[in-house]
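Report on the structure
Residues per chain, in single letters:
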Amino acid sequence: MNSARELPLQLHPRWDRSRPVSLSCVIPCRNEAGNLGLLLPILHEILCTIAAHWEVVLVDDGSTDGTPAAMRDWAECPGFRAIELSRNFGKEAALTAGLQAAVGDVVVLMDADFQHPPEMIPDMVAHWRAGADMVYAVRSHRRDESLVKRTGTRAFYRLLNWFERVKVPEGAGDFRLLDRRAVDALLAMPERTRFMKGLYAWIGFHAVAVPYDPPARRHGASHYSVWRLLSLSFSGLTAFTSWPLRIVGALGTVFALAGFGYGGYLTLAYFLEGNAVSGWTTIVVTLLLFFGLQMVFLGIMGEYLARIFEEVKGRPLFVVKRDQGSGLIPGS
């Protein structure tokens, strides 16, 4: 038994949740200069009313606007910490950087674009005090999205949960509250291809869903194009599921049996009835079909091999360029 892997999960036993709580709020940012000035004063007011001790951990993920400068200004205020990554490593890496820096009894993950309403945090804390280890916000509808995106989202979650023991709830994103034990469980997992929605579900714990209607963004636009969403979806499928490899094996077996059966049928027909064996057209079409299937299967296996390649290189998830502000003192 690997005690080193289990140790972080034993550091924080279940405590009395009626006592004053320390809360960390992690906000990954990319080109959110226009939103930070509006969000952080509201968040500051809310946190002061619900937590005895609190901190806001801002993580800049390679912004190209005034986001780093705005973060540095806020880092001069008590309770705010600004972490700047050396480049754009992706939202999953930025979330992990924030989780590593956060020291509160509970940690809230949220975006800076106002689509994660800070007014929901007191309700999340109330669910935590009632016994929940994880409280996540779930979209009550997707009427504001296009038909293509709604259809693609439903298909993605069906494929993601197909044959899997761990079910990822549809409509749940990164807006959630995590108990310290859940945070330690997430940080104990060493993989570098981090599909956070899957990891949230994998660690288990008592989770409570809170429905909400995401408001419109105050400033800026989404950084996720259709092609990037497709790429992230495929990465999530290959990082969190293994059924595509099983499908490859199953289809290979089916086509092999079909080929043997058809070959046996032609051989038997030739000896019994003297029928001529199918000609050039049948051979070419069959070969093209199987060559195409082989390329698809090799591509699927190549994606999994690429995941292994990324893991064995052992590179860090992110590189911190600058860390300013104090935030919470560990143990406060």
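Up top is the structure these notes are about.
Residues numbered from 1 in each chain as written. Predicted model: local features only at pLDDT ≥ 70, side-chain atom pairs only at ≥ 80, totals over all residues. Heavy atoms only, no water.

1. Section: unusual backbone geometry
Defined as follows: For helices the rule is a DSSP run of H or I covering at least 4 residues; for strands it is a run of E covering at least 2, with both sets numbered from the N terminus onward.
You will see that Asn31, though not glycine, has its phi angle at about 55°, which is positive. With respect to the helices, strands and loops of the structure, Asn31 is situated in the loop between strand S1 (22-29) and helix H2 (33-50). Even without glycine at this site, Phe114 takes up a positive phi of about 75°.

2. Side note on the packing of H2 against helix H5 (residues 121-129)
As a reminder, the rule being used: The angle between two axes is taken between their N-to-C directions and runs from 0 to 180 degrees, where each axis is a line fitted to C-alpha atoms and a helix contributes only its stretch in contact. Throughout this description, any angle smaller than 35 degrees is read as roughly parallel, any larger than 145 degrees as roughly antiparallel, any in the 65 to 115 degree range as roughly perpendicular, and the remainder as oblique. Each crossing is labelled by how the near helix is turned from the far one, with a counterclockwise turn of less than a right angle marking it left-handed and a clockwise turn marking it right-handed. Here, two residues are considered to be in contact whenever any of their heavy atoms come within 4.5 Å of each other. When residues are sorted by character, Ala, Val, Leu, Ile, Met, Phe, Trp, Tyr, Cys and Pro go into the nonpolar class, Asp, Glu, Lys and Arg into the charged class, and all the rest, Gly among them, into the polar class.
Axis separation between H2 and H5 bottoms out at 10 Å; the angle between their running directions is 30°. In terms of their interaxial angle, H2 and H5 are classed as roughly parallel. For H2 against H5, the interelement crossing comes out right-handed. In this structure, H2 contributes Leu43, Ile46 and Ile50 to the contact, and H5 contributes Ile121, Pro122, Val125 and Arg129. Considered class by class, the residues forming the contact of H2 with H5 number 6 nonpolar, no polar and 1 charged.

3. Side note on the pattern of salt bridges
Put simply, the rule is: Put simply, a salt bridge is a Lys or Arg side-chain nitrogen that is within 4 Å of an Asp or Glu carboxyl oxygen. Buried means the residue's accessible area, taken with a 1.4 Å probe over protein chains only, is under 20% of the maximum for its type, while exposed means over 50%, and partly exposed covers the values in between.
If you walk through the whole model with that rule in mind, you get 8 salt bridges. Here Asp133 and Arg181 are joined by a salt bridge, their closest N and O atoms 2.8 Å apart. Here Asp133, found in the loop between H5 and strand S5 (134-139), pairs with Arg181, found in helix H7 (residues 180-187); they are 48 residues apart in sequence, far enough to count as distant. Given the relative accessible area of 5%, Asp133 is considered buried. Given the relative accessible area of 19%, Arg181 is considered buried. One salt bridge in this structure joins Arg180 and Asp184, with 3.5 Å as the shortest N-O distance. A residue pair is termed a helical-turn pair when its members lie 3 or 4 positions apart in one helix, as Arg180 and Asp184 do in helix H7 at 4 residues. Asp184 gets classed as buried once you look at its relative accessible area, which sits at 10%. Each of Arg72, Glu84 and Arg322 takes part in a single network of salt bridges with overlapping partners.

4. Regarding the sheet that holds S1
The criterion, for reference: Pairing between strands is defined by DSSP: at least two bridges between them are needed.
Ordered in space as S7-S5-S6-S4-S1-S2-S3-S8, the 8 strands form an open sheet in which the pairing is mixed. The two strands at the open ends of the sheet, each matched to only one other strand, are strand S7 (207-212) and strand S8 (320-325). Averaged over all adjacent pairs, the angle separating strand axes in this sheet is 20°, with direction ignored. Here strand S3 (residues 80-85) pairs with S8 via 5 bridges, running antiparallel. The residue bridging Ile83 from the neighbouring strand is Asp323, located in S8. Lying over the sheet, H7 contacts strand S4 (106-109) and strand S6 (172-179), oriented at roughly 115° with respect to S6.

5. As for the packing of aromatic side chains
The condition that has to hold: Note on aromatic contacts: the rings of Phe and Tyr and the six-membered ring of Trp form a pair at centre separations within 6.5 Å, being stacked when their planes are under 30 degrees apart, edge-to-face when over 60 apart, and tilted otherwise. Working rule: Lys NZ or Arg CZ, within 6 Å of ring centre, within 35 degrees of ring normal, means a charge sits over the ring.
For the structure shown, the criterion picks out 3 aromatic pairs. Judged by centre distance (6.1 Å) and plane angle (75°), the ring pair of Phe175 and Tyr212 falls under edge-to-face. Residue Phe175 is located in strand S6, and its partner Tyr212 is located in strand S7; the two are separated by 37 residues in the primary sequence. For Tyr212, a relative accessible area of 10% corresponds to the buried category. Connected via pairs of aromatic rings, a cluster forms that spans Trp54, Trp74 and Phe80. The residue whose ring lies beneath Arg87 is Phe89, and the NZ or CZ to ring-centre distance is 3.9 Å.

6. Remarks on the nonpolar core
To keep things clear, this is the line we draw: To qualify as a nonpolar core, a set must consist of buried Ala, Val, Leu, Ile, Met, Phe, Trp, Tyr and Cys residues joined through side-chain atoms within 4.5 Å.
Grouped together as the largest cluster of nonpolar side chains are 39 residues, with contacts concentrated most on Leu23, Cys25, Ile27, Leu43 and Val56. Considering every element that reaches this core, the biggest residue donor is H2, with 7 residues. For Leu23, the contacting residues outside a window of four places in its chain are Leu47, Ile50, Ala51, His53, Trp54, Glu55, Gly104, Val106, Val108, Ile121, Val125 and Leu328. Judged by nonpolar contacts, the second largest core, of 26 residues, contains Val26, Val57, Ala182 and Ile203.

7. Some thoughts on helix H3 (residues 67-75)
Going by this rule: Think of it as the arc spanned by the lines of direction from the helix axis to the C-beta atoms.
Looking at H3, one finds that the buried residues are Thr67, Pro68, Ala70, Met71 and Ala75. For H3, the arc enclosing every buried residue in end-on projection is 160°, short of the 170-degree limit, so these residues lie on one face. Residues of H3 that are buried make contact with S1, H2, strand S2 (53-60), S3 and S8.

8. A short note on the pairing of S6
Burial analysis of S6 places 7 of its 8 residues in the buried class, which makes it a mostly covered element. Relative to S6, S4 is paired through 4 bridges, and the arrangement is antiparallel. Across the sheet, the residue bridging to Val107 is Leu178, located in S6. As paired strands, S5 and S6 are joined by 4 bridges and run antiparallel to one another. Bridging across to S6, Val135 finds its partner in Leu177.

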